[in-house]
Amino acid sequence: MASGAPFDEAEARRRRVARAEAMQMARSRRWEKRKANMATRVTRGMMTFAVMLAALMVYGWTAGGMGIGLFLLAILLLPMAGIAGMLLPVGGPDVDDIDKAPPAELPAITEAFLDRQRKQLPRLAAPQLDGIAVQLAALEKQLARVPADHPVAQDVGRLLGSHLPELVDRYTRIPPLQRTGLVEHDGRTPEVTVVDGLKTVEAELARASATLAESDRDGLRVQGKFLEARYNEGQSGGMTSGR
């Protein structure tokens, strides 16, 4: 038993480091999305302002002048047009049709869905939400390379399109006071139940991602052995043999 203690401690440390890296990646991903969102809003506001200004200039040129009243109105309308362009919502995945989306589109839709629901979920679920976001980023690329009827894609589709939204929706429908204060017959509060459910989702997404990457890992291992056998042998026997 004593010999297993260092291994267990090292494994626990590795998992803590992996969790911290996952949380950092998820935060960075959210920050990049916020920056992109803000850039889109600012660009749209500037374009709205420019279009409005151009329209007023054309009107003034064709009408031979704007007049003091129209000039004052333009001073009022131009900044309002720019602000309106910035405040309009930025388009994104349609989370309302999450149960109808194909597997390849579900990671992006699910991430948007969880971002929308994040404030209603427990603070204790933040590590799981970050871990799920990291797995979704990996699966988005992997699912794009496999057909929709692939067994793993079907499993991910059921998990993200039905089971996860149902878990979150059922939790958010519970009155806030009952989420932490009411203990169910299994000894858990609704808050603990939803956190445990999100842990299961994260683990299942990691398993699906590992399964989809299995052929690539096998191919990498074979290619690595081939390179080692070819060029290590070449170094010992001379690479001038022309093979």
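Residues numbered from 1 in each chain as written. Predicted model: local features only at pLDDT ≥ 70, side-chain atom pairs only at ≥ 80, totals over all residues. Heavy atoms only, no water.

**Section: the overall build of the chain**
Along the backbone of the chain there are 8 helices and 0 strands. For the chain, the sequential pattern of α-helices and β-strands runs α-α-α-α-α-α-α-α. A separation threshold of at least 6 residues defines the contact pool for the chain, and within that pool the share at least 24 residues apart is 71%. Carbon and sulfur atoms make up 62% of the accessible area of the chain, which amounts to about 16000 Å² in all. (Helix = DSSP H or I, 4+ residues; strand = E, 2+ residues; numbered from the N terminus. Contact = heavy atoms within 4.5 Å. Areas by Shrake-Rupley, 256 points an atom, 1.4 Å probe, with all protein chains shown as cover.)

**Structural notes on helix 7 (residues 190-212)**
Compared with the 33 Å implied by 1.5 Å per residue over 23 residues, the 33 Å span of helix 7 between its first and last C-alpha is a close match. Burial in helix 7 covers these residues: Pro190, Glu191, Val194, Val195, Gly197, Leu198, Val201, Glu202, Leu205, Ala208, Ser209 and Leu212. (Expected span 1.5 Å × (residues − 1). Buried < 20%, exposed > 50% of the residue type's maximum accessible area, 1.4 Å probe, protein only.)

**Regarding the packing of helix 5 (residues 151-172) against helix 7**
Where helix 5 meets helix 7, the closest approach of the two axes is 11 Å, and the angle between their N-to-C directions is 165 degrees. What the angle tells us is that helix 5 and helix 7 run roughly antiparallel. Where helix 5 crosses over helix 7, the handedness of that crossing is left-handed. Contacts from Val152, Asp155, Val156, Leu159, Leu160, Leu164, Leu167 and Tyr171 in helix 5 reach Pro190, Glu191, Val194, Gly197, Leu198, Val201, Glu204, Leu205, Arg207, Ala208, Thr211 and Leu212 in helix 7. Grouping the amino acids of the contact of helix 5 with helix 7 by side-chain chemistry returns 14 nonpolar, 2 polar and 4 charged. (Axes fitted to C-alpha atoms, helices over the stretch in contact; angles between N-to-C directions. Parallel < 35°, antiparallel > 145°, perpendicular 65-115°, else oblique. Left-handed = near helix turned anticlockwise from the far one by under 90°. Nonpolar A, V, L, I, M, F, W, Y, C, P; charged D, E, K, R; others polar.)

**Details of the nonpolar core**
Core analysis: the largest hydrophobic core is formed by 29 residues, its most contacted members being Leu114, Ile132, Leu160, Leu164 and Leu205. Secondary-structure elements contributing two or more residues to this core are helix 3 (106-117), helix 4 (126-143), helix 5 and helix 7. Here this core takes 8 residues from helix 5, the largest share from any one element. Those residues in contact with leucine 205, other than ones at most four positions away along the chain, are Ile132, Gln135, Leu136, Leu139, Leu159 and Leu160. (Core = buried A, V, L, I, M, F, W, Y, C linked by side-chain atoms within 4.5 Å.)

**Considerations on the packing of aromatic side chains**
Scanning all chains against the criterion turns up 0 aromatic pairs. Sitting above the plane of the tyrosine 171 ring, arginine 179 keeps its charged end 4.9 Å from the centroid. One residue, arginine 230, lies across the ring of tyrosine 231, its end atom 5.6 Å from the ring centre. (Phe/Tyr/Trp six-rings, centres within 6.5 Å; stacked < 30°, edge-to-face > 60°. Lys NZ or Arg CZ within 6 Å of the ring centre and 35° of its normal.)

**Things to note about the confidence of the model for the chain**
Confidence in the prediction of the chain, expressed as mean pLDDT, is 82, and 79% of residues score 70 or more. Counting contacts from residues 239-243, a segment whose pLDDT is below 50, to residues more than four positions away or on other chains yields 4 contacts. (pLDDT = per-residue confidence, 0-100.)

**A closer look at the packing of helix 3 against helix 4**
Helix-helix packing is described using two parameters, namely the angle between the two axes and the distance between the axes. At a minimum axis distance of 8 Å, the contact between helix 3 and helix 4 shows a crossing angle of 160 degrees. In this view, helix 3 runs roughly antiparallel relative to helix 4, as classed from their interaxial angle. Where helix 3 crosses over helix 4, the handedness of that crossing is left-handed. Two secondary-structure elements touch here, helix 3 through Pro107, Ala108, Thr110, Glu111 and Leu114 and helix 4 through Leu129, Ile132, Ala133, Leu136, Leu139, Glu140 and Leu143. Partitioned by chemical class, the residues of the contact of helix 3 with helix 4 number 9 nonpolar, 1 polar and 2 charged.

**Some words on the pattern of salt bridges**
Pairs can form between side chains of opposite charge whenever their charged atoms are close. In the structure shown here, the tally under the stated rule is 7 salt bridges. Close ionic contact of arginine 118 with aspartate 130 constitutes a salt bridge, the shortest N to O distance being 2.9 Å. Of this pair, arginine 118 sits in the loop between helix 3 and helix 4 while aspartate 130 is found in helix 4, placing the two residues 12 residues apart along the sequence. Since its relative accessible area comes to 24%, arginine 118 is described here as partly exposed. (Salt bridge = Lys/Arg side-chain N within 4 Å of Asp/Glu carboxyl O.)

**Concerning the side chain of threonine 172**
Tracing the backbone shows threonine 172 in helix 5. Among the polar contacts made by the side chain of threonine 172, one reaches the main-chain carbonyl oxygen of aspartate 169 at a distance of 3.0 Å. The contacts of threonine 172, once residues within four sequence positions are left out, are Gln117, Gln120 and Arg179. (Polar contact = N/O pair within 3.5 Å; in protein donor to acceptor, adjacent residues only side chain to side chain.)

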